[in-house]
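One-letter residues, chain by chain:
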Amino acid sequence: MTDDLEERLKHGDQVAFGELFTLHRPRIWQIIHFRLSDKIRGRVDPDDVVQEVFLESEKRLRHFVDGSFPSLFLWLRLVTGQTLSKIHRTHLGTE
């Protein structure tokens, strides 16, 4: 099922991205929950980070479509890590 959706996405079907993100959302949430620093857990909700990952990945979707990632999930995992790093830098004031 995800292969068909990814194929549709690569052919410009934006609805397919939303469907795929919904399928991958539980695993993305788990990554965020696991990697979110205890120091900011009280200020940052994992669900808010998931929303941020969605917005970031939607903005940069062309990178996946034009790139050579083996699956959307692996690319989303990369965007999730980058988003978490940005959030940690913002809230912890580190480089």
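From a predicted model like this one, the values you see are computed outputs, not experimental measurements.

(A) Quick peek at the nonpolar core. Ranked by internal contacts, the top residues of the largest apolar core, which has 26 residues, are Leu9, Phe17, Phe21, Ile28 and Leu72. Among residues more than four places away in sequence, those in contact with phenylalanine 17 are Leu9, Phe54, Ser57, Glu58, Leu61, Leu72 and Leu76.

(B) Spotlight on the pattern of salt bridges. Enumeration according to the criterion identifies nine salt bridges in this entry. For arginine 41, the salt bridge is made with aspartate 38, and the minimal N-O distance between the two is 3.3 Å. Among the ionic pairs, aspartate 66 bridges to arginine 62, the shortest N-O distance being 3.4 Å. Separated by four residues within a single helix, aspartate 66 and arginine 62 lie in helix 4 (residues 61–66), roughly one turn from each other. Overall, the relative accessible area of 56% leaves aspartate 66 in the exposed class. A cluster of three or more residues bridged by salt bridges with shared partners is formed by Glu52, Glu56, Lys59, Arg60 and Lys86.

(C) Summary view of the packing of aromatic side chains. Under the criterion given, the structure shown has four aromatic pairs. Their ring planes at 50° and their centres at 6.1 Å tell us that phenylalanine 17 and phenylalanine 21 sit as a pair that is tilted. Of this pair, phenylalanine 17 and phenylalanine 21 both sit in helix 2 (residues 14–35), separated by four residues, roughly a single helical turn. Comparing phenylalanine 17 with phenylalanine 21 shows no difference in burial state: the two are buried. Geometrically, the ring pair formed by phenylalanine 64 and tryptophan 75 is tilted, given 5.9 Å between the ring centres and 45° between the ring planes. Residue phenylalanine 64 is located in helix 4, and its partner tryptophan 75 is located in helix 5 (residues 72–92); the two are separated by eleven residues in the primary sequence. Both residues of the pair, phenylalanine 64 and tryptophan 75, belong to the buried class. Ring pairs connect the aromatic residues Phe17, Phe21 and Phe54, which therefore count as one cluster. Taking NZ or CZ as reference, arginine 27 lies 3.6 Å from the ring centre of phenylalanine 73, over its face.

(D) Geometry of the packing of helix 1 (residues 2–10) against helix 2. Where helix 1 meets helix 2, the axes come as close as 8 Å, and the angle between the chain directions of the two elements is 145°. Crossing angle aside, the handedness with which helix 1 passes helix 2 is left-handed. Here helix 1 contributes Thr2, Leu5, Glu6, Arg8 and Leu9 to the contact with helix 2, which in turn contributes Val15, Ala16, Phe17, Glu19, Leu20 and Leu23. Of the residues assigned to the contact of helix 1 with helix 2, the class counts are seven nonpolar, one polar and three charged.

(E) Summary view of the packing of helix 3 (residues 46–59) against helix 5. Packing of helix 3 against helix 5 leaves a shortest axis separation of 9 Å and a crossing angle of 120°. In terms of crossing hand, the pair formed by helix 3 and helix 5 is right-handed. Along its contact with helix 3, which presents Val49, Glu52, Val53, Glu56 and Ser57, the element helix 5 presents Trp75, Leu76, Val79, Thr80, Thr83, Leu84, Lys86 and Ile87. Here the contact of helix 3 with helix 5 is built from residues that sort into seven nonpolar, three polar and three charged.

Reading the values: the criteria
Residues numbered from 1 in each chain as written. Predicted model: local features only at pLDDT ≥ 70, side-chain atom pairs only at ≥ 80, totals over all residues. Heavy atoms only, no water. Core = buried A, V, L, I, M, F, W, Y, C linked by side-chain atoms within 4.5 Å. Buried < 20%, exposed > 50% of the residue type's maximum accessible area, 1.4 Å probe, protein only. Contact = heavy atoms within 4.5 Å. Salt bridge = Lys/Arg side-chain N within 4 Å of Asp/Glu carboxyl O. Helix = DSSP H or I, 4+ residues; strand = E, 2+ residues; numbered from the N terminus. Phe/Tyr/Trp six-rings, centres within 6.5 Å; stacked < 30°, edge-to-face > 60°. Lys NZ or Arg CZ within 6 Å of the ring centre and 35° of its normal. Axes fitted to C-alpha atoms, helices over the stretch in contact; angles between N-to-C directions. Left-handed = near helix turned anticlockwise from the far one by under 90°. Nonpolar A, V, L, I, M, F, W, Y, C, P; charged D, E, K, R; others polar.

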